[in-house]
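# Structure assessment
Read off the chains here:
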Amino acid sequence: MTELEPRAFSTPGKALIIGGYLVLDPKYKSFVLALSARMHAVVRASTRPDISGVYLKVKSTQFNNNEWNYKVSRDSGYVPLEINDLNNPFVEQVVFNVFNYFFPDQIDYNYIEIDIFSDPAYHSTEGSRRKSNQYKSFNFHDKDINEVHKTGLGSSAGLVTVLTASLCYVLIKDHNLNVLNPEHLKMVHNLSQVAHCQAQGKIGSGFDVAAATYGSIIYRRFTPAIIAELPGVDIRFVDKYHKALKSLIDRVDWKIVCEPVKLPPRLKVIMGDVHNGSETVKLVGTVQRWYANNLPRSHDIYEEINANNIIAMNKLIKLYHRSEENPQYYEKMIDNLNKDKNSDPDINELIGSINKIRELFRTITKESGADVEPMVQTQLLNNCLDLNGVIGGVVPGAGGHDAVALIMTEKTDINEATKNNTLFKNVTWMDVKQEQIGLKEENPKHYEDLLFDDEL
Ligand SMILES: Nc1ncnc2c1ncn2[C@@H]1O[C@H](COP(=O)(O)OP(=O)(O)OP(=O)(O)O)[C@@H](O)[C@H]1O
Ligand SMILES: C[C@@](O)(CCOP(=O)(O)O)CC(=O)O
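Everything quoted here is computed from the prediction, not taken from an experiment.

Moving on to the domain arrangement of the chain. Quoted interface sizes are often the accessible area lost when the parts come together. Here the chain is described as being made up of domain 1 (3-260 + 437-450) and domain 2 (267-431). Taking only C-alpha atoms, the centre of domain 1 and the centre of domain 2 are 30 Å apart. With 24 residues of domain 1 in contact, the opposing surface of domain 2 contributes 32 residues. Summed over both sides, the interface between domain 1 and domain 2 buries roughly 2,200 Å², with carbon and sulfur atoms accounting for 74% of that surface. The largest per-residue losses of area from domain 1 upon contact with domain 2 belong to Ile18, Tyr21 and Leu22, which jointly make up 32% of the total buried on that side. If you look at where domain 1 meets domain 2, you find one salt bridge. Note that lysine 27 and glutamate 303 form a salt bridge whose closest N and O atoms lie 3.6 Å from each other. Viewed at the interface, domain 2 and domain 1 are joined by four residue pairs in polar contact (both at pLDDT 80 or more). Elements with a minimum of two residues in the side of domain 1 that touches domain 2: β1 (3-18) and β2 (30-46). Among the elements that take part in the side of domain 1 that touches domain 2, β2 stands out by supplying five residues, more than any other.

Structure follows, in structure tokens:
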């Protein structure tokens, strides 16, 4: 039995700060922050002559030892067959698409094992026990993955991207996958978008997959049609899907924008979990119906939101440049914000544009009935904005009752500022930071010998 050298990868979670709903239309740009909570995969593969075709085991031991076992073969169009009839559409679509992309004649390593790990912030900690080693810490639940409450950081997009990278490593020529090679990143990104889109039922803009791959970005989506036009699987002509997919991944111009961005220095994002959970799919459907039934006024509202989105994004970029041009002045200016939020014209315009975006989303909330910025969240955000050092706040992504995202000075200690204050009793400040980097190589040894913290 020969073994492929084990490798590990990770991808970040996300917060869509600016551009919710509009980003579903390829016309509009958005601002997405990658977060320090990451999804991880450790991949091992070996040659097993006793097994016919390919056997793939995906394990998620953190969730009641969940695992999915697939058989795949070229003769059946690489449609994965789960041997216990278990469902995980995200894993299935990754397997299907990565195998179809490479469409291998013969597979050197036909027994593949992938261990998935998700950082604690993705899920509620309730009923979990922490396991750690000197490098990593993960929560272990005695419930299945689908029964544990999510915090909305984009676990499925992170999972799809990190699994895609892992399988690409096994199947790419000479196993030379390099996360620093732009061509390889593009391949992982495009394959992940296809798999995520198919698993989700084609509803998302793909900002979460783009952030999982590229980190914090200004994002403009691809035209949804390019994925919708892929042919179905046809067992009689197994290479039909492969040819169309290969062309889509390598040759079609996706006209996508993924420009790296950073929050201006000395500012940070803080995510607050409101523990309620929202149904993105339902919210999107309701807002889209409102949009269609209220044209052309709804279009004008979107255009006005977009004008303010652009102001907010430009101000964030300008502040970043100012920090580089005159670091001392910039530092003082940020320090001043802890006393007077209106002391700088760029910050003023940033605050003004975010307030306007929120106001327009409240109009949509009222008219459509979709809780994009429901009253409780308005109150919570306004209470946050009253705190020293907090300069902006939004209900990220699709909005709803899930979470709030705040932009504040680095010196602001949100836990301290809200401690014992009943106005904030329903919110838990999450232990995540904004991060630049998307798909990252990890050390597979860092996932070994995890021990329960309470037994250390
Ligand atoms: N650690 C994991 N192991 C295995 N599968 C996982 C894991 N994390 C997520 N998944 C898959 O992703 C699904 C959750 O995806 P979903 O898109 O509903 O949530 P999300 O991406 O975390 O949330 P949101 O899009 O609101 O940020 C799970 O049902 C499971 O199929
Ligand atoms: C409403 C939408 O723009 C954002 C959804 O974001 P989230 O899943 O709530 O983080 C949909 C999308 O872009 O996929």
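A cis amide bond, omega 0°, links leucine 295 with the succeeding residue proline 296. Turning to its location among the elements, proline 296 is positioned in the loop between α7 (280-293) and α8 (297-325). Even without a glycine there, the phi angle at asparagine 64 is positive, about 50°. In this fold, asparagine 64 is placed in the loop between β3 (54-60) and β4 (66-72). A relative accessible area of 39% places asparagine 64 in the partly exposed class. The residue lysine 255 is not glycine, and still its phi comes out positive at about 50°. By the secondary structure assignment, lysine 255 is in the loop between α6 (239-250) and β10 (257-260). Using a relative accessible area of 55% as the deciding quantity, one classes lysine 255 as exposed.

What counts and what doesn't
Residues numbered from 1 in each chain as written. Chains lettered and ligands numbered in written order. Predicted model: local features only at pLDDT ≥ 70, side-chain atom pairs only at ≥ 80, totals over all residues. Heavy atoms only, no water. Domains from an automatic or database assignment. Contact = heavy atoms within 4.5 Å. Buried area = accessible area lost by both parts, 1.4 Å probe. Salt bridge = Lys/Arg side-chain N within 4 Å of Asp/Glu carboxyl O. Polar contact = N/O pair within 3.5 Å; in protein donor to acceptor, adjacent residues only side chain to side chain. Helix = DSSP H or I, 4+ residues; strand = E, 2+ residues; numbered from the N terminus. Buried < 20%, exposed > 50% of the residue type's maximum accessible area, 1.4 Å probe, protein only.

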